[in-house]
Amino acid sequence: MTVPTGRRERKKAATRQNIADTALRLFLEQGYDAVGIRDVAAEADVAVTTVFSHFASKEALVFEQDENFEHRLAQAVTDRAPHEPLIPALHREMRAMVRHCAAESAAPLWDMIDKSPDLRQYEESMKLRHAESLAAAIAADLELPRPTTSCRAIARFVVDAHALAREAADPDAAVDEVFRMIEAAWETTGR
C-alpha cells in the first residue's frame, strides 16, 4: 500500500492502524466473540463512528490487510516487467504474501479465524472478491473486454494457493506445488 504523504493522510492512517492493532490485541486476549466494536473504540480512544469510518464491520478489523492484499495481486499483473510471464509474477507475489501470513507470529490469528464461523465466512467472501479483482486485471492485461472463464479460474486458483499454503507444513513448497498446476492450466489456454 502507498505511504500517505500529507499530514492529514498520515494521521488517518495512524488512527486506522491504532484501531486495527487494538482490535486484534483485544480479540486475541479476550476472544473474538467477547469483544464488541464499542470495546475496541473505547480501548483505542476513538468514537464508534471513527471505527466504522475506517472499517465496514467487526470482521474487517481482523482482515485489516484485505485491501492491501487485493491490490498486491492486481499489481503483480499490472506492474510486472515488460515481457515477464504472468504466472511467475503471480507466483512470486503469492510466495511473499504467504510468508507474511504463515509466520509463527500469525498462528494465533489464524487459529482465531478458523474457530469463528463469522470470520471464516468473511474470509471466503474476501477471497471471492480478490479473485474477481485479479481476474479483471488478467483480462485487462490480455486486452479482453471482460474476464473469461479461464481468467476467473486461474485467479481463483491463485487466491486459493494462499489458504492451502498457510495450512501446509512447508508453505513455500505448497505454493510452488500449486503454481506448477496453475502454470500447466494456464498453458492449456494458449496464452
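Residues numbered from 1 in each chain as written. Predicted model: local features only at pLDDT ≥ 70, side-chain atom pairs only at ≥ 80, totals over all residues. Heavy atoms only, no water.

**Q** I'd love a proper account of the environment of V35, names of residues and values included.
**A** Along the chain, the position of V35 falls in the loop between α1 (7–30) and α2 (37–44). Since its relative accessible area comes to 1%, V35 is described here as buried. Sequence separation between V35 and A23 is 12 residues; the distance between their C-alpha atoms is 8.3 Å. Ignoring any residue separated from it by four or fewer positions in sequence, one finds V35 in contact with L26, F27, Q30, V40 and K58. (Helix = DSSP H or I, 4+ residues; strand = E, 2+ residues; numbered from the N terminus. Buried < 20%, exposed > 50% of the residue type's maximum accessible area, 1.4 Å probe, protein only. Contact = heavy atoms within 4.5 Å.)

**Q** Let's hear about helix α7 (residues 107–115): which residues, and what values?
**A** Turning to α7, its buried residues number three or more, namely L109, W110, M112 and I113. Across the axial projection of α7, the buried residues extend over an arc of 155°, all falling on one side. The elements touched by buried residues of α7 are α1, α4 (58–62), α6 (86–101), α8 (117–141) and α9 (149–166). (Arc of directions from axis to C-beta.)

**Q** So what's going on with the layout of surface pockets? Which residues, and what values?
**A** By volume, the largest pocket amounts to about 550 Å³. Lining the largest pocket are 31 residues, with F69, H100, C101, L109 and W110 positioned closest to its centre. Secondary structure elements with two or more residues in the lining of the largest pocket: α1, α4, α5 (66–78), α6, α7, α8 and α9. Per-element tally for the lining of the largest pocket: the top contributor is α1, with five residues. (1 Å grid on protein atoms, 1.4 Å probe; cavity = no way out; pocket = protein on both sides within 12 Å on 5 of 7 lines; lining within 4 Å. Points joined across faces, edges and corners; volume = space filled by probe spheres on them.)

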